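The primary structure of each chain is shown beneath.
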Amino acid sequence: MTTVGAAVAALERAYPPGLAESWDAVGLVCGDPADELTRVLVCVDPTQSTVDEAVANGAQLVVAHHPLLLKGVHGVPADTPKGALVHKMVRNGVALFCAHTNADSADPGVSDALAEAIGLTVTGPLNPNADGKTGIGRIGELSEAEPFAVFVERVAEALPYTEGGVRAAGDPNRPIKRVAVSGGAGDSYLTVATEAGVDAFVTADLRHHPASEHTALPGAPALVDVAHWASEWPWCGQAAAVLRAALGGTVTVDVSIRRTDPWTAQAAGAPSRTGRFTG
Ligand SMILES: [Zn+2]
């Protein structure tokens with residue numbers, strides 16, 4: 001019999017908790033390691049939608065990238081959104097395991113999955129730890145240089161659709177070969193990406209001021225800003241492969257097909273509203 005604990009052990013070998021940032025909250029959130037495990041769901045966000053998906057699938061374990069309870073709590077009453085989620089999981093015999101910044105930093109980790117999805121061959125971390133192998137972000141290379149406009153289309157094709165789409169900042173003809181990627185919010189790695197001398201930086205949650213100040217710097221990489229969820233979703237397949245390899249044929253491992261990007265609509269506006277402005 002395979003147990004929840006066996007899956008947790010396999011995940012902690014791939015994503016050692018010691019790699020997590022000091023402020024993070026990773027590991028088993030709820031559930032009994034001794035419980036029998038026949039089915040797992042891997043997702044980015046532990047939300048009502050993905051927990052419903054797990055229950056519908058008959059899973060006994062949700063493996064999520066984002067923590068459910070990052071900040072300290074005094075209770076989990078069922079009349080709060082997160083408390084209700086904990087109750088639903090416990091009542092349905094579903095455990096929750098989170099691998100957050102430990103999965104970002106691990107080799108391979110979240111940004112390796114993002115790089116692979118885009119078609120990059122990874123050469124090393126963007127912001128390496130002392131071992132030179134783990135750390136946040138990755139640098140990788142395309143087999144051949146291509147114009148930035150083509151590269152932006154490549155990124156959009158590689159990742160799941162979101163309403164926010166893919167935004168880009170840079171010369172559409174700029175040749176792109178060496179690329180930095182960082183799954184999730186990447187504002188704080190703009191300087192590191194510039195120092196790395198890459199042609200483009202793919203990340204998520206870039207804001208107005210950091211992005212506009214960055215693009216004014218000489219030699220700064222072109223920017224590709226994707227949805228946070230989309231940037232981390234390729235990791236689900238990587239974590240599922242870790243479980244399949246460790247637990248053999250004893251457990252069915254599903255990757256969530258629920259889109260948990262919080263943005264549900266986009267309005268571009270009519271050209272008449274925007275036509276009088278120029279770049
Ligand atoms: Zn994230």
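Along each chain, numbering runs from 1 in the same order as the chain's sequence is written. Residue-level local features of this predicted model are given only where pLDDT is at least 70; pairs of side-chain atoms are given and counted only at 80 or more, and the full residue set underlies all totals for whole chains, interfaces and linings. For side-chain calculations, the full set of non-hydrogen atoms in the structure is used, while hydrogens and water are omitted.

(A) Looking closely at the sheet that holds strand β3 (residues 61-64). Here, any two strands with at least 2 DSSP bridges between them count as paired. What counts as a helix is a DSSP run of H or I of at least four residues, what counts as a strand is a run of E of at least two, and both are numbered from the N terminus. An order of β1-β4-β3-β2-β11 is seen for the 5 strands of this open sheet, with the pairing classed as mixed. Strands at the two margins of the open sheet, each flanked by one partner only, are β1 (27-30) and β11 (252-255). Sheet twist, expressed as the mean angle between neighbouring strand axes with direction ignored, is 25 degrees. Relative to β3, strand β2 (residues 39-43) runs parallel, the two being bridged by 4 bridges. Residue Val-40 lies in a different strand from β3, and its bridge partner there is Leu-61. Contacts between residues were defined by any pair of non-hydrogen atoms, one from each residue, lying within 4.5 Å. Throughout, an axis means a line fitted to C-alpha atoms (over the contacting stretch in the case of helices), and angles, computed between N-to-C directions, take values from 0 to 180 degrees. Where helix α10 (residues 234-247) meets the sheet, its contacts fall on β2, β3 and β11, and the angle it forms with β2 comes to roughly 155 degrees.

(B) Molecular detail of the pattern of salt bridges. When a carboxyl oxygen of Asp or Glu lies within 4 Å of a side-chain nitrogen of Lys or Arg, that pair is called a salt bridge. Applying the stated criterion across every chain yields a total of 7 salt bridges. Its salt-bridge partner being Arg-154, residue Glu-146 comes within 2.8 Å of it at the nearest N-O pair. Only protein chains enter the accessibility calculation, which uses a 1.4 Å probe; a residue is then buried when its area is under 20% of its type maximum, exposed when over 50%, and partly exposed in between. Judged by its relative accessible area of 11%, Glu-146 falls in the buried class. A salt bridge links Asp-225 to Arg-167; its shortest N-O distance comes to 2.6 Å.

The analysis is restricted to geometry; functional conclusions fall outside its scope.
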